[in-house]
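Each chain, letter by letter, is given below.
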Amino acid sequence: MSRAILQGREQARVQQPQHPAEAGFLEALGKLQGGLEILESVERPGQSSRLEMGCALVEEGLAQLQQLETES
């Protein structure tokens, strides 16, 4: 199981997924949170790869949330 899902469950105090979409939601939440943490850690303008990585994670998380929304 991915680290992001486990962290999301821990923060939400969820031990077992209650619904099949919950795992997808927690994974998307983990991607958003991880991306924001990366973006917040950028200290110098020369860290473009970290900016790209953070933005990519945020975009993936948002896309996953949109997909979950359309499926429900």
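For the structure itself, consult the block above.
A short tour of the structure in this document, coming up. Fair warning: this is a prediction, and the values are worked out from it, not measured in the lab.

Where charged atoms from two side chains of opposite charge come close, those side chains can pair. All told, the structure shown has 2 salt bridges when counted by the stated rule. When the shortest N-O distance is used, the salt bridge between Lys 31 and Glu 27 registers 3.7 Å. Separated by 4 residues within a single helix, Lys 31 and Glu 27 lie in helix H2 (residues 20–41), roughly one turn from each other. On the basis of relative accessibility, which here comes to 28%, the residue Glu 27 falls in the partly exposed class. With a closest N to O distance of 3.7 Å, Lys 31 and Glu 60 form a salt bridge. Of this pair, Lys 31 sits in helix H2 while Glu 60 is found in helix H3 (residues 48–71), placing the two residues 29 residues apart along the sequence. Taking relative accessible area as the criterion, Lys 31 reaches 18% and is therefore assigned buried. Counted as one network, the salt bridges with shared partners bring together Glu 27, Lys 31 and Glu 60.

Bringing the side chain of Gln 64 into the picture now. With respect to the helices, strands and loops of the structure, Gln 64 is situated in helix H3. A distance of 3.2 Å separates a polar side-chain atom of Gln 64 from the backbone oxygen of Gly 24. The contact partners of Gln 64, leaving out residues within four places of it in the chain, are Gly 24, Glu 27, Ala 28 and Lys 31.

Another point: the side chain of Gln 47. Take Gln 47: it is sitting in the loop between H2 and H3. Given the relative accessible area of 15%, Gln 47 is considered buried.

What counts as what
- Residues numbered from 1 in each chain as written.
- Predicted model: local features only at pLDDT ≥ 70, side-chain atom pairs only at ≥ 80, totals over all residues.
- Heavy atoms only, no water.
- Salt bridge = Lys/Arg side-chain N within 4 Å of Asp/Glu carboxyl O.
- Helix = DSSP H or I, 4+ residues; strand = E, 2+ residues; numbered from the N terminus.
- Buried < 20%, exposed > 50% of the residue type's maximum accessible area, 1.4 Å probe, protein only.
- Polar contact = N/O pair within 3.5 Å; in protein donor to acceptor, adjacent residues only side chain to side chain.
- Contact = heavy atoms within 4.5 Å.

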